[in-house]
Amino acid sequence: MLLYNKMINKVIVGDILEGAKDKLKVSIIIPNYNNGRYIEECLNSVLNQTLKDIEIIVIDDCSTDDSMEILRSFQTKYPDKIKVIRNQENSGAGLSRNNGLDIATGEFIKFLDADDTMNPDVLEKMYNAAKKNNVRAVLGVVSIMQSTKNKQDNYNVNNNYEVINIEESKEDLIYGSAGVGDGLFARELFDKIRFPNLKWEDLATIPALRVEAGSIYYIDESVYNYRVYGESTTGVDMCKKTPRVFDIVQCLNKMRKEIPQEYATELDAVQYMHYQLRMKEIASWEDCSEEHKKFLINSLYKIMRIQIPDLDRNPYIKIMRTMGKIQIDELRNGDYIQVGILDKEKT
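Reference entry: report on the structure contained in this document. (Residues numbered from 1 in each chain as written. Predicted model: local features only at pLDDT ≥ 70, side-chain atom pairs only at ≥ 80, totals over all residues. Heavy atoms only, no water.)

1. Some words on the environment of Asn-87
In step 1: Relative to the helices and strands, Asn-87 is located in the loop between strand E4 (82–86) and helix H3 (93–103).
In step 2: Between the alpha carbons of Asn-87 and Asp-61 there is a distance of 5.3 Å; along the sequence they are 26 residues apart. (Helix = DSSP H or I, 4+ residues; strand = E, 2+ residues; numbered from the N terminus.)

2. Here we look at a nonpolar patch on the surface
In step 1: There is a patch of nonpolar side chains on the surface, built from Tyr-175, Ile-319 and Met-323 and spanning about 300 Å² of accessible area.
In step 2: Note that Tyr-175 resides in helix H5 (residues 172–175).
In step 3: A relative accessible area of 35% means that Tyr-175 is categorised as partly exposed. (Patch = residues over 30% accessible without salt bridge, like charges linked within 9 Å, V, L, I, M, F, W, Y side chains within 5 Å. Areas by Shrake-Rupley, 256 points an atom, 1.4 Å probe, with all protein chains shown as cover. Salt bridge = Lys/Arg side-chain N within 4 Å of Asp/Glu carboxyl O. Buried < 20%, exposed > 50% of the residue type's maximum accessible area, 1.4 Å probe, protein only.)

3. Observations concerning the pattern of salt bridges
In step 1: With the rule as written, the count across this model stands at 20 salt bridges.
In step 2: Its salt-bridge partner being Glu-258, residue Lys-254 comes within 3.4 Å of it at the nearest N-O pair. Remark: Glu-258 and Lys-254 occur in helix H7 (residues 247–258); sequence separation between them is 4 residues, near one turn of the helix.
In step 3: Look at the salt bridges and you will find they share partners, linking Arg-97, Asp-113 and Glu-201 into a network.

4. A look at unusual backbone geometry
In step 1: In this structure, Asn-34 is a non-glycine residue whose phi angle is positive, near 55°.
In step 2: Inspection of the secondary structure assignment puts Asn-34 in the loop between strand E2 (26–32) and helix H1 (39–47).
In step 3: Judged by its relative accessible area of 28%, Asn-34 is partly exposed.
In step 4: Within the chain, Asn-134 stands out as a residue other than glycine whose phi angle is a positive 55°.

5. Describing the pairing of strand E9 (residues 183–186)
In step 1: Here E9 shows no split at all, with Gly-183 and Phe-185 on one side and Leu-184 and Ala-186 on the other all buried.
In step 2: Strand direction decides the pairing type here: strand E5 (residues 108–111) and E9, joined by 3 bridges, are antiparallel. Looking across to E9, one finds that Ile-109 is bridged to Phe-185.
In step 3: Bridging between strand E6 (residues 137–146) and E9 involves 3 bridges; their strand directions are antiparallel. Residue Val-138 lies in a different strand from E9, and its bridge partner there is Leu-184. (Pairing = 2+ DSSP bridges.)

Here's what the structure looks like:
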């Protein structure tokens, strides 16, 4: 069971439904911090959903822009649909989502970031798929919104309409998405699993939800419009250093604690993949000295080697290296080779 901050939130607008006669079908939880520029578009995309038996919970994380003014206006207009709470202190997206979960009454949970959107029929299709296939999790395709080009690209690993049983297809933990936006999850799954107060908090949580759900239904349709900025397709700050880079160690440790040991081989591969991604990110930092980047990459590499003692014998990692599916780093004598996609890791 995750330890997470049970801080008391100040209710700014909206009533907390207690003892509701009929359980709502979906609760949409939206953490917000200084997204006044996009929050209106985000909320309208939810209000325009064809599935109407929903509630919208916005958790404002002490924004300093005009977010709260916009949110108050929406709640006044839709008092029976929108609840807004404001954290007493800036707490991050993970704890904000936990605070939303504490008051959610929907049968299922959908997460949405305040600068992203959904197409109008997403909730109806995902909810119907969950009920029809008797599953507690439904995943779909993420569409990338390029802000500067008004362009959308889709990505997802599994492009079928099918039910995946995690116990029978353990590799889905590796190749399936660990993102928070492309899933619809039964609320009961969060009785045991919550988000940590860490960067990359979704990585620490979503894989555990997938295992707890048991079976997942995949739909080959866009269920989330993810906004990126400039030319990036992975985020706005990939080339900027973060003081929380070692949060990845705690996130991966938490993920392993939440998931049974029978998935150890798959979890080793997941850890390897995400350590490599973080090392690649560090190597691309533009506001960090080469010496400090070498120190950080070398530190993560050593941690990775300690935590994954069977790394060189892992069958999934061997495939990744051979197929060149992920970025490979090499560190020798405290140095590193600039990260790139290689056909094979050198020995």
